[in-house]
Amino acid sequence: MNYDPCDKCKEKWGKGAVIIEASESPNGKNQPAIQKGIYPTGVWWVVKRELLDDDISFVTKEIAKEMGLYDEVHKQ
């Protein structure tokens with residue numbers, strides 16, 4: 001198991017900046033961390049790069065909410 005995107009995802013990911021939702025606990029018994037102590041949930045977005053500041057490398061849930069990418073009710 002690895003986190004390399006499939007060809008279909010690579011095509012979508014090439015259209016902007018990829019934001020990957022992650023948690024501090026794995027979703028399954030054998031799920032590897034994407035980095036130490038961080039596990040992707042399977043939810044991701046591709047956004048236009050111009051919507052992000054150049055220095056953003058980490059988007060919190062609050063930032064995602066401000067960008068309209070996430071809401072607690074619908075878990076989009």
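Residues numbered from 1 in each chain as written. Predicted model: local features only at pLDDT ≥ 70, side-chain atom pairs only at ≥ 80, totals over all residues. Heavy atoms only, no water.

S.K.: Would you take a moment to explain the state of the cysteines for this structure?
M.R.: Each disulfide consists of one covalent bond between the sulfur atoms belonging to two cysteines. Using the criterion set out here, one finds zero disulfides in the structure. Cysteine C9 shares no disulfide, and the gap to the nearest cysteine sulfur, in C6, comes to 3.5 Å. The buried category is assigned to C9, whose relative accessible area is 19%. (Disulfide = S-S within 2.5 Å. Buried < 20%, exposed > 50% of the residue type's maximum accessible area, 1.4 Å probe, protein only.)

S.K.: I tried to follow the side chain of Q31 on my own but got confused; where do I start?
M.R.: Secondary-structure assignment places Q31 in the loop between β1 (17-23) and β2 (39-47). A polar side-chain atom of Q31 sits 3.4 Å from a polar atom in the side chain of Y3. (Helix = DSSP H or I, 4+ residues; strand = E, 2+ residues; numbered from the N terminus. Polar contact = N/O pair within 3.5 Å; in protein donor to acceptor, adjacent residues only side chain to side chain.)

S.K.: Sorry if this is basic, but what is going on with the environment of A17 here?
M.R.: Tracing the backbone shows A17 in strand β1. The class of A17 is buried, set by a relative accessible area of 11%. In contact with A17, not counting residues within four places along its chain, are W45, V46, V47, R49 and L52. (Contact = heavy atoms within 4.5 Å.)

S.K.: Can you walk me through the packing of aromatic side chains in this structure?
M.R.: The description of two aromatic rings rests on the distance between their centres and on the angle between their planes. In this structure the tally under the stated criterion is one aromatic pair. Residues W13 and W44 carry aromatic rings whose centres are separated by 5.5 Å and whose planes lie at 70 degrees to one another, so their mutual orientation is edge-to-face. Taken together, the residues W13 in helix α1 (residues 7-13) and W44 in strand β2 connect sequence positions 31 residues apart. Look at W13 and you get partly exposed, because its relative accessible area is 21%. Residue W44 is classed as partly exposed on the basis of its relative accessible area of 30%. (Phe/Tyr/Trp six-rings, centres within 6.5 Å; stacked < 30°, edge-to-face > 60°.)

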